[in-house]
Each structure stands twice: as structure tokens, then as C-alpha cells.
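Coordinate inspection notes
Residue-level listing of the chains:
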Amino acid sequence: MSVLYTVKKFESCGLAIQDSLMKSFQIENIKTPVVSVIGAGGKTTLIRALAEEYQSKGIPVIVTTTTHMLVENLPWFLLTPSPEGVKKLLGQYGMAWIGIPQIGMSQEGRDKGGGSCSHINRRVRKMGILPREFLEWVLGYGVPVLIEADGARGLPIKAPAGHEPVLLPQTTHVLNVYGLDAIGKRISEVCFRGDRAAELLGKKTEDILQEGDIAALALSRQSGRKGAAAVLPYKIVLNKADNAAREKSALRIGMMAWEKGFGDLTVTAAERQREQ
């Protein structure tokens, strides 16, 4: 399955169609960015689409995590990472998704000496952070690295705990994702760590999440911008803008952010299509 995205950028108080995610995030001319994706509402799908853009341009790309991410039964996932295994996948597929399984490999996998998903116990559904030495090798290998650096349990909005997000010092860009499908629903229903989100917003967990709440969370140094150094490029991604009402909400959120002096906002809508 490949991921197609409609990508728009907040510009001049409107939304301008972009050719690619790479262009909207201003990383198309950067040779080896380390992009950390945080927040909620479609991080993994966004990472997949961005990885596929690199792949389509013939640029090898590595995907990993500093927390955990879902494992898919796809040949470019590598759960017994080694430099040789990574190089092989990059050469064969143009991308390598690598991490340590959170539930151990089956004995069959160890006997075969394999690390692909076909050799992993079916109970393995997530992969976690690489050992420090190997992670350092990955970051120094000389290709773009995309990192899922936050967890949200499938919810569209996230307010971070004290230890979150997990941003590496080598991070060059931070993408903070919010799901527009959360608007109009109770904070308790759509926010991971909803009590924290309510506290930051001065609301109750049973209050309705509004457009202004997303803008406030995204701009807060205690929430969306938490851990992202002031010198790092920080970009807000409003995902699931898949109808006119949500796109209008995205534009209003963009205007609110712009009024606060922030304008680097991308609006996306994803559609999965089977590869031909």
C-alpha cells in the first residue's frame, strides 16, 4: 500500500497547494535531515508518505523510533538490526524501518538468523528504540532519518507527560501532528493525556475541544513545542483535512497561529491506494 497525500501550506492567510511534503517542510534540499515526528492523529502514516517521497526520488531513507511504533508485515521492516541488514534493505527497497521488537523473536526467527517480519513471532506488533551504539551508527550513516518520537494510542490529540516527547539531540526538524477529526468532541474522548490537555487549556476533560484549543496546544512550550529547542525548525501539521469543514477549521487554526507570530503550518489529507 502506498500513501498519497493532499498537501497544503498556510501562506498569506490562505492555503496553497504544495507539490510534496518535503517541499512544505522545507527539507527537500537538505541532504541528511533527522526529522522527529511528534503529537497524534496520523504520525505513522505521515512518516510512511514522507519515506515514500524519498524513495520515489531515489534517496535512501531510514525510519526508526525513540518510543515505539507499529510493525507491519512489509519486507523493509528489520527487527534484528545490523549495518549489513540496513544496507541490504536500502539497496533493495530504498528504505529501512528498524527497531527492536517489544515482544521477542520466535525461536524459528533466531534459528534462521533473519530479522524481517516473516521471521518474527506473530505476537510482535510494536518495535522500540534501538540500542544506543547502533542508533548512533544510524544517525551517522549519511541518509535522511525519520523518527516517530511520541506515542498517542491512536488518539488524534496529545498533551505530553514530563518525559515526552523523546527528541534526540541530533534532531534537525520537529513535525507536530494534530488530527482535525478531534474538533467538536470531548477532550476526554480525543486527547491522549486528556487531563493534562485540559489543565493546559484551563478546561475540564468533559469540555468540547475547539479549533482554538488545537492552536493553543500546538504553540505551547508546555505541550506542542515542549522539548523542541528554539533554534530547531518546528512545524505544525494539521492532518485529516479530508472535507471542506475540516479544511476551513485548519485555515482558522492557521490564522490563530499567525496572529501569535507563527506561520509554519502544513495541512494534509491522506488516502491509501493499492500499488499497481
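Provided above is the structure to which this section pertains.
Residues numbered from 1 in each chain as written. Predicted model: local features only at pLDDT ≥ 70, side-chain atom pairs only at ≥ 80, totals over all residues. Heavy atoms only, no water.

Regarding the sheet that holds strand β8 (residues 100–101)
- Spatially, β5-β9-β8 is the arrangement adopted by the three strands of the open sheet, whose pairing is antiparallel. Edge strands, defined here as strands with exactly one partner in the open sheet, are β5 (68–70) and β8.
- Both β8 and strand β9 (residues 126–128) contribute to a ladder of two bridges, which runs antiparallel. Paired with isoleucine 100 across the strands is glycine 128, a residue of β9. (Pairing = 2+ DSSP bridges. Helix = DSSP H or I, 4+ residues; strand = E, 2+ residues; numbered from the N terminus.)

Concerning the pairing of strand β7 (residues 95–98)
- Along β7, one buried face is formed by Met95 and Trp97 and the opposite face, lined by Ala96 and Ile98, is buried too.
- Two strands pair when backbone bridges link them, and strand β4 (residues 61–65) and β7 are joined in this way by three bridges, in the parallel orientation. Residue isoleucine 62 lies in a different strand from β7, and its bridge partner there is alanine 96.
- Both strand β6 (residues 77–78) and β7 contribute to a ladder of two bridges, which runs parallel. (Buried < 20%, exposed > 50% of the residue type's maximum accessible area, 1.4 Å probe, protein only.)

Description of the nonpolar core
- Counting residues in hydrophobic clusters, the biggest one holds 48 residues, and the most contacted among them are Ile98, Leu209 and Leu238.
- Not counting chain neighbours up to four residues away, the residues in contact with leucine 209 comprise Ile157, Ala182, Ile183, Gly184, Lys185, Ile187, Val190, Cys191, Leu201 and Ile214.
- Within the second largest apolar cluster, 30 residues are counted, among which are Tyr5, Phe77, Leu79 and Trp97. (Core = buried A, V, L, I, M, F, W, Y, C linked by side-chain atoms within 4.5 Å. Contact = heavy atoms within 4.5 Å.)

Notes on the layout of surface pockets
- The volume enclosed by the largest pocket comes to roughly 400 Å³.
- Around the largest pocket, the lining comprises 21 residues; the ones closest to its centre are Lys43, Thr44, Leu70, Glu148 and Gly154.
- Looking at the lining of the largest pocket, the elements that each hand over two or more residues are α2 (43–56) and β5.
- Of the residues contributing to the lining of the largest pocket, the split by class is five nonpolar, seven polar and nine charged. (1 Å grid on protein atoms, 1.4 Å probe; cavity = no way out; pocket = protein on both sides within 12 Å on 5 of 7 lines; lining within 4 Å. Points joined across faces, edges and corners; volume = space filled by probe spheres on them. Nonpolar A, V, L, I, M, F, W, Y, C, P; charged D, E, K, R; others polar.)

Overview of empty space enclosed by the protein
- Tallied over the entire structure, the rule returns one cavity of 30 Å³ or more.
- Looking at the lining of the largest cavity, its residues break down into four nonpolar, four polar and two charged.

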